[in-house]
Amino acid sequence: MATEPPRCAASREPERLLRGARADVPPGSAASSSSAEGEEEGGGGGRSARLLNGCVPLSHQVAGHMYGKDKGGILQHPDGTVLKQLQPPPRGPRELEFYNKVYAADCEDSVFLELQKYLPKYYGTWSSPTAPNDLYLKLEDVTHRFKKPCIMDVKIGQKSYDPYASAEKIKQQVSKYPLMEEIGFLVLGMRVYRAHSDSYETQNQHYGRGLTKETVKDGVAQFFHNGFCLRKDAVAASIQKIKEILQWFEKQKQLNFYASSLLFVYDGLYPMTTTWLNDGSLVEKGRVSKGQVPSGGTLEYNNNIRVISSTENGKVETSVGKGFSKMYALHKRHQSQISLQVETVEQDNIWKSSACLSQEHLNGNVIPQLEKVFCHMPTTLPESMEVEVRMIDFAHVFPSNTHDEGYIHGLKNLITVLQNILDT
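The text that follows walks through the structure, step by step, so that each part is easy to find. (Residues numbered from 1 in each chain as written. Predicted model: local features only at pLDDT ≥ 70, side-chain atom pairs only at ≥ 80, totals over all residues. Heavy atoms only, no water.)

Before going further, it helps to spend a moment on the sheet that holds strand 2 (residues 74-76). In sheet architecture, strand pairing relies on hydrogen bonds along the backbone and comes in two forms, parallel and antiparallel. Across the sheet, which stays open at both edges, the five strands sit in the order 1-2-3-5-4 with antiparallel pairing between neighbours. Strands with a single pairing partner mark the edges of an open sheet, and in this sheet they are strand 1 (56-57) and strand 4 (122-128). Bridge analysis of strand 2 against strand 3 (residues 82-85) gives three bridges, and the strand direction is antiparallel. For Gln-76, the partnering residue across the bridge sits in strand 3 and is Val-82. Lying on the sheet, helix 5 (residues 91-102) is in contact with strand 3, strand 4 and strand 5 (131-139); it crosses strand 5 at an angle near 45°. (Pairing = 2+ DSSP bridges. Helix = DSSP H or I, 4+ residues; strand = E, 2+ residues; numbered from the N terminus. Contact = heavy atoms within 4.5 Å. Axes fitted to C-alpha atoms, helices over the stretch in contact; angles between N-to-C directions.)

Here it is, written out as structure tokens:
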């Protein structure tokens, strides 16, 4: 068993790191909506918020050390960033050294410069005037621009312990999830917005540990299900993001990552969710009330989604612009039949499909069935579609001269599972 390497320079010179840290505020940042939620749900009350200069426990944290329960914890700063408390040595100083090295102002290493794209932005360290010895990493809140952020934390790699772990630590980690070595990833937690109930559903680490090879696909798929349908658009975007990270790992031989995670975020408020108006028009759910169709019968949306209600032949047309150009033609009920014709118009004409649903076949349950059709359609994403996949947790990152095969194995298996979800 290897012995613990010498403690990094960061741990030997905490005062120097404190003085030299970039504690600048991110440009254009503002307190996010989750900050208000944290003050309401955080449980610490006004006293803890005052002690931490207005910072509150992060309300949408799904895994890791929880503030108030563990020594460490994640806080929401009023400027919209998040604060991750530095863990005890050697883990905390090691993670601090990792961020300082990757984000060094004079960094010219192409491997580190590219890696920055896959991490939360780093703004140095922070400590409260009332508790100057408690040091926090000041990081980008990658959820801040999402209205209803759905979040999943997935640990990646075949080993959740580093090369210097004790025999006892190895035994403990392996016993938590023996399947980790085979599939290379573990769901640590998730928080999913369920559109049908306008509420969040949360799963902790026990949910992920209960997944087997036979159930892991369905278990991960639950993160992409909004109660109406499977969000295949978010699945497809996640696959693309993971592939980019995989390409970085297949090129670099400088670092090996242990017990590190991928953080997935997408917006549960889906712009293509649909509902019916009184006149039979199919429109975006949550953006317009029934009967509120402006004169002329045209509704405009931020993503170039347009609903045109025409009385001619009882036809309603919806078009989506830019890279997501699709035409939906919906015919109203006629002689107890409802037909839905969906034609996708792509520049390369590689994907076209149509569907016809009868009122009799739908058994009167029209809206949920149509929502499933609309939610399942996108495999090409609109330009406005935002899905984040970021690498987090770097307390066990070590120099290396070989590929990180354990992490690569986990990424490939996770891509396979997501692709199977997409193809089902």
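A few words on the packing of helix 11 (residues 232-251) against helix 14 (residues 405-423). Viewed as axis vectors pointing N to C, helix 11 and helix 14 meet at an angle of 160°, and their least axial separation amounts to 10 Å. Taken together, helix 11 and helix 14 sit at an angle that is classed as roughly antiparallel. For helix 11 against helix 14, the interelement crossing comes out left-handed. Where helix 11 abuts helix 14, its residues Lys-232, Val-235, Ala-236, Ser-238, Ile-239, Ile-242, Lys-243, Ile-245, Leu-246, Phe-249 and Glu-250 lie against Tyr-407, Ile-408, Leu-411, Lys-412, Leu-414, Ile-415, Leu-418, Gln-419, Ile-421 and Leu-422. The class makeup of the residues in the contact of helix 11 with helix 14 is 15 nonpolar, two polar and four charged. (Parallel < 35°, antiparallel > 145°, perpendicular 65-115°, else oblique. Left-handed = near helix turned anticlockwise from the far one by under 90°. Nonpolar A, V, L, I, M, F, W, Y, C, P; charged D, E, K, R; others polar.)

Pairing is antiparallel in the open sheet, where five strands are placed in the order 8-7-6-10-18. In this open sheet, the two edge strands, each paired with only one partner strand, are strand 8 (199-203) and strand 18 (387-392). This sheet shows a mean twist of 15° between the axes of neighbouring strands, independent of strand direction. Examined bridge by bridge, strand 6 (residues 149-156) and strand 7 (residues 185-194) share six bridges and lie antiparallel to one another. Its bridge partner lying in strand 7, Asp-153 is registered against Gly-189. Sheet contacts for helix 14: strand 6, strand 7, strand 10 (260-267) and strand 18; angle to strand 10, the most-contacted strand, approximately 30°.

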